[in-house]
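# Residue-level structure breakdown
This is what each chain is made of:
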Amino acid sequence: MKPAAPPGKQPLSKTAEQDWYRPVIILVGMCGLFAALGIGRFALGMLLPAMGEALALGYTQMGVIGTVNFCGYLAAVLLCGRMSRMFGLRLLIFLALLLVGASMVLIGMIERVGVIMLLYCLTGIGSAWANIPIMALVAAWFPPEVRGRASGMVVVGNGLGIVMAGHLVPLLNNSATGWRLSWLVLGSIALLMAGICGLFARNRSTDGSLPDKRAETKQTASYRAHDARLRGLVKRCAALYFLFGSTYVIYLTFLVTSLVQERGFTEESAGALWSVVGILSLGSGPLFGWFSDRFGRKRGLFLVFCIQATAYVSAMAVLPLPFLYLSIVCFGIVAWSIPSIMAALIGDFAGPERTAALFGLVTFVFGIGQILGPYGAGVLAEISGGFSVSFLLAAVLASLAAILALRLPLEEKTAPLFR
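Definitions and limits used
- Residues numbered from 1 in each chain as written.
- Predicted model: local features only at pLDDT ≥ 70, side-chain atom pairs only at ≥ 80, totals over all residues.
- Heavy atoms only, no water.
- Helix = DSSP H or I, 4+ residues; strand = E, 2+ residues; numbered from the N terminus.
- Buried < 20%, exposed > 50% of the residue type's maximum accessible area, 1.4 Å probe, protein only.
- Contact = heavy atoms within 4.5 Å.
- Phe/Tyr/Trp six-rings, centres within 6.5 Å; stacked < 30°, edge-to-face > 60°.
- Salt bridge = Lys/Arg side-chain N within 4 Å of Asp/Glu carboxyl O.
- Expected span 1.5 Å × (residues − 1).
- pLDDT = per-residue confidence, 0-100.
- Core = buried A, V, L, I, M, F, W, Y, C linked by side-chain atoms within 4.5 Å.
- Polar contact = N/O pair within 3.5 Å; in protein donor to acceptor, adjacent residues only side chain to side chain.
- Axes fitted to C-alpha atoms, helices over the stretch in contact; angles between N-to-C directions.
- Parallel < 35°, antiparallel > 145°, perpendicular 65-115°, else oblique.
- Nonpolar A, V, L, I, M, F, W, Y, C, P; charged D, E, K, R; others polar.
- Left-handed = near helix turned anticlockwise from the far one by under 90°.

By the naming in an unreviewed UniProt entry, the chain goes by MFS transporter and is assigned to Desulfofustis limnaeus.

The secondary structure content of the chain amounts to 18 helices and zero strands. A total of 419 residues make up the chain; the buried ones form 54% of that total. Pairs at least 24 apart in sequence give 84% of the contacts found in the chain among residues at least 6 apart.

Moving on, we come to the packing of aromatic side chains. For the structure on display, the rule yields 17 aromatic pairs. Between the aromatic rings of Tyr21 and Trp141, the centroid separation amounts to 5.8 Å while the plane-to-plane angle is 40 degrees, which identifies the pairing as tilted. Pair noted here: Tyr21 is in helix α1 (residues 14-39) and Trp141 is in helix α6 (residues 113-141), with a separation of 120 residues, a long-range link. Aromatic side chains Tyr241 and Phe244 sit 5.9 Å apart centroid to centroid with 15 degrees between the ring planes, which places their arrangement in the stacked category. With Tyr241 and Phe244 both in helix α11 (residues 227-261) and three residues apart, the pair spans about one turn of that helix. Accessibility classification places Tyr241 together with Phe244 in one group, the buried group.

Moving on, we come to unusual backbone geometry. When glycine is set aside, most residues are seen to have a negative phi, and most peptide bonds are trans. A positive phi angle, near 55 degrees, is found at Ala56, a position not held by glycine. With a relative accessible area of 64%, Ala56 lands in the exposed category.

Another aspect to go through is the pattern of salt bridges. Pairing is possible between side chains that carry opposite charge, provided their charged atoms lie close to one another. Applying the stated criterion across every chain, the model contains five salt bridges. For Arg149, the salt bridge is made with Asp293, and the minimal N-O distance between the two is 2.9 Å. With Arg149 in helix α7 (residues 144-154) and Asp293 in helix α13 (residues 284-295), this residue pair connects regions lying 144 residues apart in the sequence. Arg149 sits in the buried class, given a relative accessible area of 13%. It is possible to trace a salt-bridge network through shared partners that takes in Arg147, Arg149, Asp293, Arg297 and Asp348.

To continue, consider α13. For α13, built from 12 residues, the straight-helix expectation of 16 Å at 1.5 Å per residue is met to within 8% by its first-to-last C-alpha distance of 16 Å. Inspection of α13 places Ser284, Gly285, Phe288, Gly289, Phe291, Ser292 and Asp293 among the buried residues, and these make up the whole buried set. Gly296 occupies a position one or two residues after α13 and carries a positive phi of about 110 degrees.

Our next topic: the confidence of the model for the chain. Taken over all residues, the pLDDT of the chain has a mean of 84, while the share at 70 or more is 86%. Within the model, pLDDT remains below 50 along residues 205-224, and this stretch shows 37 contacts once partners closer than five positions in the same chain are excluded. Low pLDDT, under 50, characterises residues 412-419; the stretch is placed with 29 contacts to residues that sit more than four places away or in other chains.

With that settled, consider the nonpolar core. With 129 residues, the main nonpolar core has Trp183, Leu301, Tyr312, Met342, Phe359 and Phe391 as its most contacted residues. If we skip the residues at most four places from it in the chain, Leu301 touches Leu240, Ile338, Ile341, Met342, Leu345, Ala405 and Leu408.

Tracing the chain through its elements places Ser337 in helix α16 (residues 337-350). Separated by 2.7 Å, the side chain of Ser337 and the backbone oxygen of Val334 make a polar contact.

A few words on the environment of Ile107. Its place among the elements puts Ile107 in helix α5 (residues 89-107). A relative accessible area of 0% means that Ile107 is categorised as buried. Through-space distance from the C-alpha of Ile107 to that of Leu119 is 6.6 Å; in sequence the pair is 12 residues apart. Every residue in contact with Ile107, bar those within four places of it in the chain, is listed here: Met51, Ile116, Leu119, Tyr120, Trp179, Arg180 and Trp183.

Once that is clear, we can look at the packing of helix α17 (residues 352-384) against helix α18 (residues 388-405). What describes two packed helices is the angle between their axes and the distance between those same axes. Between α17 and α18, the least distance of the axes is 7 Å, while the angle of their chain directions is 140 degrees. In terms of their interaxial angle, α17 and α18 are classed as oblique. Seen from α17, the contacting residues are Ala377, Leu380, Ala381 and Ser384; seen from α18, they are Val389, Ser390 and Leu393. Broken down by class, the residue content of the contact of α17 with α18 amounts to five nonpolar, two polar and no charged.

The subject of this paragraph is the packing of α16 against α17. In contact at an axis separation of 9 Å, α16 and α17 are set at 135 degrees when each is read in the N-to-C sense. One finds that α16 runs oblique with respect to α17. Like other packed secondary-structure pairs, α16 and α17 cross with a definite hand, here right-handed. Contacts from Pro339, Met342, Ala343, Ile346, Gly347 and Ala350 of α16 reach α17 at Arg354, Thr355, Leu358, Phe359 and Val362. Grouping the constituent residues of the contact of α16 with α17 by class yields eight nonpolar, two polar and one charged.

Moving on, we get to the environment of Leu89. With respect to the element layout, Leu89 can be found in helix α5. Residues Leu89 and Ala356 lie 267 residues apart in sequence; the distance between their C-alpha atoms is 9.0 Å. Apart from residues lying up to four places away in sequence, Leu89 is in contact with Ser84, Pro133, Ala136, Leu137 and Asn203.

Between its first and last C-alpha, helix α2 (residues 44-55) extends 15 Å over 12 residues, near the 16 Å set by a 1.5 Å rise per residue. Backbone geometry just after α2 places Ala56 at a positive phi near 55 degrees.

Within the secondary structure, Ser182 is located in helix α9 (residues 179-200). For Ser182, a relative accessible area of 0% translates into the label buried. With near-sequence residues (within four places) excluded, Ser182 lies in contact with Leu47, Val169, Leu172 and Asn173.

See the structure below:
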């Protein structure tokens, strides 16, 4: 029999205990994505130039290094559901970030290109096994009406990793050990983030239930009873994520090249303009995550794809310079919004237990889009002699995604984030 609480001091309910821990989950998720994607994936562009010069790498070899990382990521996402059930979200995130950090540290100690490629493939595997469980953890801790905002806050870690790498790597590359020190330092930071996630992540509440268990069960029971409808939703999500993957990567891959070759920017001025995208992107997840919570995932995705289409068409070099600045602003403010909305959407309809597996599936389709998009855009650029047609293609595909988003089911969410 539990002793009575002291006069004037009542014990916290399970719901209250979990409510205060939700901000910790968001910070843990930020740290995890900061390491898994911000460092483990998006920092490569900053690392390759000095590394390629030191190891006498050709453009093909440098491209293969990035490709093997993506192949590791793509293969790993299909196993995320099974791995999550086997280890639990907390332990899997910790082990995955250990793999990211350790493989990057080892790259800083190796000279053989083949070994470096193998290690960076392992980095990609670790990135996938951290990213998807982190988004599933958010689905487990937050009720549907605030899940978009929570997911949006977590993906801020992506932008923070890009900003940090953009400032830190050039300084480290100028040291005596050059590019090796960059890999060692970034890998060590990823290991530190692994320790933080291992210490502070929590799978569920102490009694094994969620604070919003009854609401969550009520939300998802009808969809579990109608798996055909859930499968249809997943197919639509996969199609939307494929279109996102094939379009945003065109912009990421070719914008700076277009600025230098078609608009006459210097590399320094183009890089400075691109840094604006990184700064603007920090607010993209929270802003449109909130929008999707308040007005629905369907409307949120529609708005984001419309803004992306505007960004892509405005980047065409045949347009006056003010359109370029409009493009930079439009892309920056929505840069990480779709992954956060998509993770929240799948969590809404699939429930926390199935989010990792289904989000992994649509992420695999998203990855295929990332392969096909740059290839098709490059072919069009070769044929047309510039990137304007490629950006126009991205705008058309983003517009198609906006139309498809209108076919998603409409839901209402109006609760505050931390109750």
